[in-house]
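# Fold and geometry: a report
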Amino acid sequence: MTDQGDTPDGIPGKPTSASRTTLSHIMTSHDTNLLGTVHGGVIMKLVDDAAGAVAGRHSGGPAVTASMDEMAFLEPVRVGDLLHVKAQVNWTGRSSMEVGVRVMAERWNESTPATQVGSAYLVFAAVDADGKPRRVPQVIPETEQDKRRNQEAQIRRTHRLARRQAIKELRERRAAEGYED
């Protein structure tokens, strides 16, 4: 690697701020569930939209959602809330990226500070025109907070890989014992 953040094939790294974005949307009665609050699926779509925009910006092309984990709903969202979905790349691998998302809400007609109502981590894979994985620039954390997020993302990645391996081994054992799942 020649410069900080360059990949082995010479793709220059990108700072965290290069692709960070905020998607804002006002919640209406069309977004509600049977309890009268905003449906979690509506929020999840906005989270995926914002994260996808960030992944595409960072990778310089198409990126697809590979997984979503740790989606946490901290407070209910109501009709009339202005939702701000803030997303950034926390970590990059060869062709994948973890995008962290924070969901904030504020009343549309009040000047009170926004409160955090949700958060999520998504993994995106950069793909070429044929849908095959392609290399992504390494993310370059800029602040101490970015560095912490990058380290935490590496821990989450290790856990995702370990969980996947443990499930694979369990299924193989069960299949060898004659169980069909």
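Below is a summary of the structure that appears in this document. (Residues numbered from 1 in each chain as written. Predicted model: local features only at pLDDT ≥ 70, side-chain atom pairs only at ≥ 80, totals over all residues. Heavy atoms only, no water.)

## Some thoughts on unusual backbone geometry
Comment: phi is negative for the bulk of residues other than glycine, and the bulk of peptide bonds are trans. Backbone geometry at Glu70 places phi at a positive 55°, although glycine is not the residue there. Inspection of the secondary structure assignment puts Glu70 in strand β3 (residues 63–73). (Helix = DSSP H or I, 4+ residues; strand = E, 2+ residues; numbered from the N terminus.)

## Some words on the side chain of Arg107
Turning to its location among the elements, Arg107 is positioned in strand β5 (residues 96–107). Overall, the relative accessible area of 18% leaves Arg107 in the buried class. Among the polar contacts listed, one links the side chain of Arg107 to the backbone oxygen of Val79, at a separation of 3.1 Å. Once residues lying within four places of it in the same chain are set aside, the contact partners of Arg107 are Arg78, Val79, Gly80 and Asp81. (Buried < 20%, exposed > 50% of the residue type's maximum accessible area, 1.4 Å probe, protein only. Polar contact = N/O pair within 3.5 Å; in protein donor to acceptor, adjacent residues only side chain to side chain. Contact = heavy atoms within 4.5 Å.)

## Some remarks on the pattern of salt bridges
For the structure on display, the rule yields 9 salt bridges. Its salt-bridge partner being Arg160, residue Glu98 comes within 3.4 Å of it at the nearest N-O pair. Pair noted here: Glu98 is in strand β5 and Arg160 is in helix α2 (residues 144–176), with a separation of 62 residues, a long-range link. Accessibility expressed as a relative area gives 11% for Arg160, which makes it buried. (Salt bridge = Lys/Arg side-chain N within 4 Å of Asp/Glu carboxyl O.)

## Some points on the sheet that holds strand β2 (residues 21–26)
In space, the 5 strands of this open sheet follow the order β2-β4-β5-β6-β3, with antiparallel pairing throughout. Of all the strands in the sheet, the pair left with one neighbour each is β2 and β3. Neighbour-to-neighbour, the strand axes of this sheet turn through a mean angle of 25°, independent of strand direction. Where strand β4 (residues 81–92) meets β5, 11 bridges bridge the pair, whose relative direction is antiparallel. Bridged to Leu82 within β5 is Glu106. Together, β3, β4, β5 and β6 (115–126) form the strand contacts of α2, whose direction differs from that of β4 by roughly 75°. (Pairing = 2+ DSSP bridges. Axes fitted to C-alpha atoms, helices over the stretch in contact; angles between N-to-C directions.)

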